[in-house]
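Letter by letter, the chains look like this.
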Amino acid sequence: GKYCENRDPNLSVQVYEQGLCDKELIDVTSRNGMFKHQSRYLVSRMDPDLWAFALETEEQEQYRKNLIDAVVSTALPEAKQADEVSATVKAFMKANLPEHLTCLLEKIV
């Protein structure tokens, strides 16, 4: 994965995804503007700690708006399981993002 990051970020993401290297995947997708892929991965993983890393850490703060936009516009409408939506809503609540949560809930309904 690390070898591919600069050469082919898409390949790097595939390697990280298969290896469940969550933080590395979040980092490479953020740096390369791959927010749709990142949002789909976060929604499918349903991991509260991973959501916290993506939404609440200082190192990811500069990418937060892009991620939120991708979650609302792409990942949630594509979600096939109620648990995925539930985990995403919980992550937004935990990250104290009420204005974005409202937008997210409007999109669901």
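It should be emphasised that the depicted structure is a prediction, and the values quoted were computed from it without experimental measurement.

**Q** Hey, could you run me through the overall build of the chain in this one?
**A** Per the secondary structure count, the chain includes 7 helices and 0 strands. Listed N to C, the secondary structure of the chain is α-α-α-α-α-α-α in terms of helices and strands. Against the 2.2 N^0.38 benchmark of 13 Å for 109 residues, the chain shows a C-alpha radius of gyration of 13 Å, consistent with a compact globule. By the burial criterion, 42% of the 109 residues in the chain qualify as buried.

**Q** Would you mind showing me how to read the nonpolar core here?
**A** Nonpolar side chains in soluble globular proteins tend to be buried together. If you look at the biggest cluster of nonpolar residues, it comprises 30 residues, and the most contacted ones within it are Trp-51, Leu-55, Phe-92 and Leu-104. For this core, the elements supplying multiple residues, two or more each, are helix H1 (9-18), helix H2 (22-31), helix H3 (35-45), helix H4 (48-56), helix H5 (64-78), helix H6 (82-94) and helix H7 (98-108). If one sorts the elements of this core by residue count, H5 sits on top with 7 residues. Ignoring anything within four residues of it in the chain, the contact list for Phe-92 reads Trp-51, Leu-55, Ile-68, Val-71, Leu-97, His-100, Leu-101 and Leu-104.

Criteria and thresholds
Residues numbered from 1 in each chain as written. Predicted model: local features only at pLDDT ≥ 70, side-chain atom pairs only at ≥ 80, totals over all residues. Heavy atoms only, no water. Helix = DSSP H or I, 4+ residues; strand = E, 2+ residues; numbered from the N terminus. Rg over C-alpha atoms; globule rule 2.2 N^0.38 Å. Buried < 20%, exposed > 50% of the residue type's maximum accessible area, 1.4 Å probe, protein only. Core = buried A, V, L, I, M, F, W, Y, C linked by side-chain atoms within 4.5 Å. Contact = heavy atoms within 4.5 Å.

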